Amino acid sequence: MEALRFAATKIQPPRRGAARLERPQLDAALRLAVQQHRVVLLQAPAGFGKTSTLAAQLAQRAPGEALAWVAMDPDDDAERLFACLVGALEAFDLPWRTAPEALVGLAGADAAGLKRAAVELLNALAGADVPRGVIVLDDLHRVASPSTFALLDALLERLPPQWTLVLSSRTTPPLALARLRASGELAEFTQEDLRFSRDEAGALLRAEATPFADERAEELFERTSGWPAGLRLAMAALRTRGGMAAAGRQLIDRHLFDYLAAEVLDDMPGALHDFLLRCAVLPELTAGRAAAVSGDRRAAEWLDEIERRGLFASVLDADERTLVLHDLFRDALLQRLNQRLPDELPALLQRAAAGETDALRRVGYLQRAGDWAGAEAALAEAGVDLFLQGGAGELLRLVEQFPVEHRSARLARMAGTACCLRWRWVDMARWCQMAIALAESARDTAERQRAQIYLATALYPLDRNQEAEALIAGLATQTLTPDTRALLLLADSSQHFRRGEHARLPVLYGELLDLLEGGLPLFRWWECAPPINWSTIAGLPVLMERYLAGAAPRLADRPLPMRAELRLVRAFLLLWRGRFDAAGSELRAAEEDMQWLAVSGEMRVNLELFRLLLDAMHGRRAGFTARLERLVREEDGNLPERRIIWHHHMAVYGVRLSDTLGDSAGLQRWAALLKENPLQDSTHQNPRALAVRARFAATQGRWGDAASLFAVLAPKLADMDVMGQRTDLTLRHGHALLKLHRLPEAAQVIAPVLDRLLAEGVRGQALLCGPVLLQALAEGRWGSLLTAVQQAELHAAAQLSASLVGDAAAAPAPSTVDLTLSQREREVLERIAAGDSNKLIARVLDISPHTVKRHVANILDKLGLASRGQASAWLREHG
């Protein structure tokens, strides 16, 4: 990955220990298990050498065999594990079809996201150009998150045959192992397999030149029962002051390990002893980190001495020498640190935090140090990048790790933001209300204002708009920072839109743009993106173009979902301008971005809405109906309240676009799904109900009824200017009057709309009327009632609509993929065939590794291939 969201040491395997005793029988059995089984489980208590055994076996893997190693931590969940797997597999250039960075956030979103992320990973593993691959998850017992095991179960179910998953744990992991065991796909190694035999114990004592090795061999084996950690520490104790003799006759256990560790520590030089104690706060030791935390400039020398003494440390396979202390030994050191140097612990933890790049660890250090303000500051600093990279779930978990008494308004508001990015509106409102209360208690006006705006944002989708409006009105009179004012303007714009007060929207959003362009960060630009359904409101298209012009350079080449959102906004603006080819190109680019960046939710719905509009404008009735029915069914499994709202939302477009298609039966069908069902219940007199009745009357040829209903609607249309509805209904009003031979009135109605189409260049809005109606208007005998320019606009709209419908059968679907390789894709393909890695290709072509991955995905998709190897073969065959 280009930027790790975790400590790099988590994915660096340990090197084979030079002092490890050869255990050929165990190593051979483990090697065979890895080659022949889907899953290998090493399960034994602490100190049985699970990690060192794996390191020795994997050091002897065959050439070309891939190894991905992840050391698990207590806070690891599905999202973090997925990030680690992506990083650990980076060197093998997996043929991802979706950006792995985007899949990380998806894995932590919900069950559906986790399933998709798992499928994408499995497909990438299946297409990897490696003869064999091994994925090791060490210390799995540390993990408690159910989502981690849900991800692992998903991987176990379909792991490609060339890959093996090796799990190391002190306890039985809560996975579906019974099925694997029954099918012979699981190999298990327990403490009985990992303990030293009597002969191995004797060989170890002799190899280490332990004093009295021959005399004490049998005694040591009996007391330790072959426990590797116990044997090694007992040997170290014998080399000190004969501490083993004082240990009695009981078997070695955790308490005796602590006793023997004390014997070893007490025999050390004082400087090494104190160095180890101070560095025990670090999970891994490098010379630089150890020196910074301990304050001892001889850190590199002490690392040498730790290795020389065999003090329960493994060496990671990293560019910089990195030692990892065994959990048992590190625990013993931390216990002694707390006893002997308790006053130093907070400062040691703060120094550890200062040099830590992993946000989760850094916050954890500061929390353990009791530095809650520092922990909050560290989290706030990491927050924006976590949000932009899809790490909202991680940030929410970090906030929840703060004790209630140490949660501030800022923390609660950040948690609310995380919930917002996941559409968890109820949780967002709860966190924001907590933030407001905390801010008021702390008399933090700025934080209270921000939290109130976020609360207003949460209340909108919860249909608690009176509360939202009250918050907005109260804040409007207060002094706000530019950052906070931008958020208020967006919330206020949303409420004006909801109320149909569209004339005020350009003023509000124009002021918001001024603030964004004044230097607000990218995340605020993302939060303040204009919704798609503003795209036909008078005065807003030009502001939306201005937003796109300002946001795109700030986004640059970052692989963020925002890129797809910008392209989709641009596609709608082009659609309303009648530039269908350009709109289709932007739509395809947005769709490719959405696939590559794992975008789902609202943007996917907007993309489907765009296709519905195209289907209707092209006269594709069957395609339109099938697509809309699929959308309606998507919510059938949800709560009745949500299903009703969703069906209503879809029915609004069903009614409007059935009218575009001239489908009276379809209009009736979708009207029945509206909340008010206006064709059956005439008591509803709201504008939407009146519009449905007017449309239906026109489809039946009841022109007088239609004209009367349209006339009632006319004063309200300025507040119904959503997705071209104002233009559509106004032209239909004029058509009804034309049918009644009331040409002067008809001309008076449609003239302002034609002027707007001309002035704003939004001819595409007129196409919602359909070709038959537009042709009838174009053929009207307007004489001087309409200007020549206005009549020409009518003819142009009718001609464009007819051309779309006439080309309906041949018109390509907007999702059609261009199968021609671009020049850059061709260059990438040639480098793949030359055997270059993604990193080398990025260097040679001067592009980012992320861009290379996307080009690889495009190449494989266009050529219908599954791996880089197949792509190389294709180039050799086709040249």
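Quick look at the structure, then. Since the structure is predicted, the reported quantities are computational estimates derived from the model, not experimental observations. (Residues numbered from 1 in each chain as written. Predicted model: local features only at pLDDT ≥ 70, side-chain atom pairs only at ≥ 80, totals over all residues. Heavy atoms only, no water.)

Once that is clear, we can look at the overall build of the chain. Scanning the chain from terminus to terminus reveals 44 helices and seven strands. Considering only residue pairs separated by 6 or more positions, the chain has 69% of its internal contacts joining residues 24 or more positions apart. With the model as given, the accessible surface of the chain reaches about 35800 Å², and the carbon-plus-sulfur share is 52%. Of the side chains in the chain, 103 bear a positive and 111 a negative charge, and the two mean positions are spaced by 2 Å. (Helix = DSSP H or I, 4+ residues; strand = E, 2+ residues; numbered from the N terminus. Contact = heavy atoms within 4.5 Å. Areas by Shrake-Rupley, 256 points an atom, 1.4 Å probe, with all protein chains shown as cover. Lys, Arg positive; Asp, Glu negative; His and termini not counted. Charge placed at Lys NZ, Arg CZ, Asp CG, Glu CD.)

Further remarks concern the packing of helix α14 (residues 287-294) against helix α15 (residues 299-309). Contact pair α14 / α15: the axes reach a minimum separation of 8 Å and the direction vectors enclose 115 degrees. Classified by the angle between their axes, α14 and α15 sit roughly perpendicular to one another. Where α14 crosses over α15, the handedness of that crossing is right-handed. Mapping the contact onto sequence places A287, A290 and A291 in α14 and A299, A300 and L303 in α15. Here the residues of the contact of α14 with α15 are counted per class, giving six nonpolar, no polar and no charged. (Axes fitted to C-alpha atoms, helices over the stretch in contact; angles between N-to-C directions. Parallel < 35°, antiparallel > 145°, perpendicular 65-115°, else oblique. Left-handed = near helix turned anticlockwise from the far one by under 90°. Nonpolar A, V, L, I, M, F, W, Y, C, P; charged D, E, K, R; others polar.)

A few words on the pairing of strand β1 (residues 39-43). Of all five residues making up β1, four are buried, and the element is well covered by its neighbours. As defined by bridge partners, β1 adjoins strand β5 (residues 186-189) across four bridges and the pair is classed as parallel. Note on β5: the bridge partner recorded for V40 is A187. (Buried < 20%, exposed > 50% of the residue type's maximum accessible area, 1.4 Å probe, protein only. Pairing = 2+ DSSP bridges.)

So, on to the pairing of strand β3 (residues 133-138). Among the six residues of β3, six are classified as buried, and the element is accordingly described as predominantly covered. Burial along β3 is two-sided: the residues G133, I135 and L137 and V134, V136 and D138 are all buried. Relative to β3, strand β2 (residues 66-71) runs parallel, the two being bridged by six bridges. Within β3, the residue paired with A71 across the bridge is D138. Relative to strand β4 (residues 163-169), β3 runs parallel, the two being bridged by five bridges. Across the sheet, I135 pairs through a bridge with L165, a residue of β4. For the segment spanning β3, helix α6 (residues 146-158) and β4, crossover handedness is right-handed. (Right-handed = clockwise from strand over helix to strand, strands pointing away.)

The subject of this paragraph is the packing of aromatic side chains. Counted according to the given criterion, the structure contains seven aromatic pairs. Ring plane angle 55 degrees and centroid distance 5.9 Å describe the contact between W372 and F402, whose orientation is recorded as tilted. Taken as a pair, W372 in helix α19 (residues 372-388) and F402 in the loop between α20 (392-400) and α21 (409-420) lie far apart in primary sequence, 30 residues in all. Relative to F610, the ring of F572 has its centre 5.1 Å away and its plane inclined at 85 degrees; by these criteria the two rings are edge-to-face. Here F572, found in helix α29 (residues 562-576), pairs with F610, found in helix α31 (residues 602-617); they are 38 residues apart in sequence, far enough to count as distant. (Phe/Tyr/Trp six-rings, centres within 6.5 Å; stacked < 30°, edge-to-face > 60°.)

We now examine the sheet that holds β1. Taking strand neighbours across the sheet as the criterion, the five strands line up as β2-β3-β4-β1-β5 in an open arrangement whose pairing is parallel. At either margin of the open sheet sits one strand with a lone partner, and together these are β2 and β5. Within the sheet, the average angular offset between the axes of one strand and its neighbour, ignoring direction, is 15 degrees. In the sheet, β1 pairs with β4 via five bridges, with the strands oriented parallel. Pairing of L41 across the sheet is with L167, part of β4. Packing against the sheet, helix α3 (residues 78-88) makes contact with β2 and β3, and its axis sits at approximately 145 degrees to β2.

Another aspect to go through is helix α22 (residues 425-442). Helix length check: α22, at 18 residues, gives a terminal C-alpha distance of 25 Å against a target of 26 Å (1.5 Å per residue), a fit within 8%. Phi for R443, located one or two positions after α22, is positive at around 55 degrees. (Expected span 1.5 Å × (residues − 1).)

What follows covers the side chain of S658. Relative to the assigned elements, S658 resides in helix α33 (residues 640-660). Residue contacts for S658: discarding those within four places in its chain leaves F624, Y653, D663, G666, L667 and W670.

Interhelical geometry of helix α18 (residues 359-368) versus α19 gives an angle of 165 degrees and a closest axis separation of 7 Å. Looking at the two axes, α18 sits roughly antiparallel to α19. Of the two elements, α18 crosses α19, and the hand of that crossing is left-handed. Across the interface between the two elements, A359, R362, V363, L366 and Q367 of α18 pack against W372, G374, A375, A378, L379 and A382 of α19. Residue composition of the contact of α18 with α19, grouped by class: eight nonpolar, two polar and one charged.

On to the side chain of T536. With respect to the element layout, T536 can be found in the loop between α27 (522-527) and α28 (540-555). Looking at T536, the relative accessible area reads 0%, which means it is buried. Within polar-contact distance, the side chain of T536 engages the backbone nitrogen of M723 at 2.9 Å. Residue contacts for T536: discarding those within four places in its chain leaves W576, D721, V722, M723, G724, R756 and Q765. (Polar contact = N/O pair within 3.5 Å; in protein donor to acceptor, adjacent residues only side chain to side chain.)

Side-chain pairs of opposite charge can arise whenever the charged atoms involved come near each other. In the structure shown here, the tally under the stated rule is 66 salt bridges. Residues D593 and R854 are paired through a salt bridge, measuring 2.3 Å at the closest nitrogen-oxygen approach. Separated by 261 residues along the polypeptide, D593 in helix α30 (residues 580-596) and R854 in helix α43 (residues 849-863) bring together distant segments of the chain. Looking at R854, the relative accessible area reads 16%, which means it is buried. (Salt bridge = Lys/Arg side-chain N within 4 Å of Asp/Glu carboxyl O.)

The set of residues buried in helix α44 (residues 868-878) consists of R868, A871, S872 and L875. The buried residues of α44 occupy an angular sector of 100 degrees when the element is viewed end-on, so they sit on one face. When the buried face of α44 is taken as reference, the exposed residues oriented beyond 90 degrees from it are R876 and E877. The elements touched by buried residues of α44 are α41 (823-833), α42 (838-845) and α43. Just downstream of α44, G879 is the residue with a positive phi angle, here 70 degrees. (Arc of directions from axis to C-beta.)

Although it is not a glycine, D93 adopts a positive phi angle of roughly 50 degrees. With respect to the secondary-structure elements, D93 resides in the loop between α3 and α4 (100-107). Its relative accessible area of 12% is what places D93 among the buried residues. The backbone phi angle of D463 is positive, close to 60 degrees, even though this residue is not glycine. In this fold, D463 is placed in the loop between α23 (445-459) and α24 (465-476).

Mapping E447 onto the fold places it in helix α23. The buried category is assigned to E447, whose relative accessible area is 4%. Taking the C-alpha atoms as reference points, E447 and A435, 12 residues apart in sequence, are found 7.9 Å from one another. Ignoring anything within four residues of it in the chain, the contact list for E447 reads A409, R410, R413 and A439.

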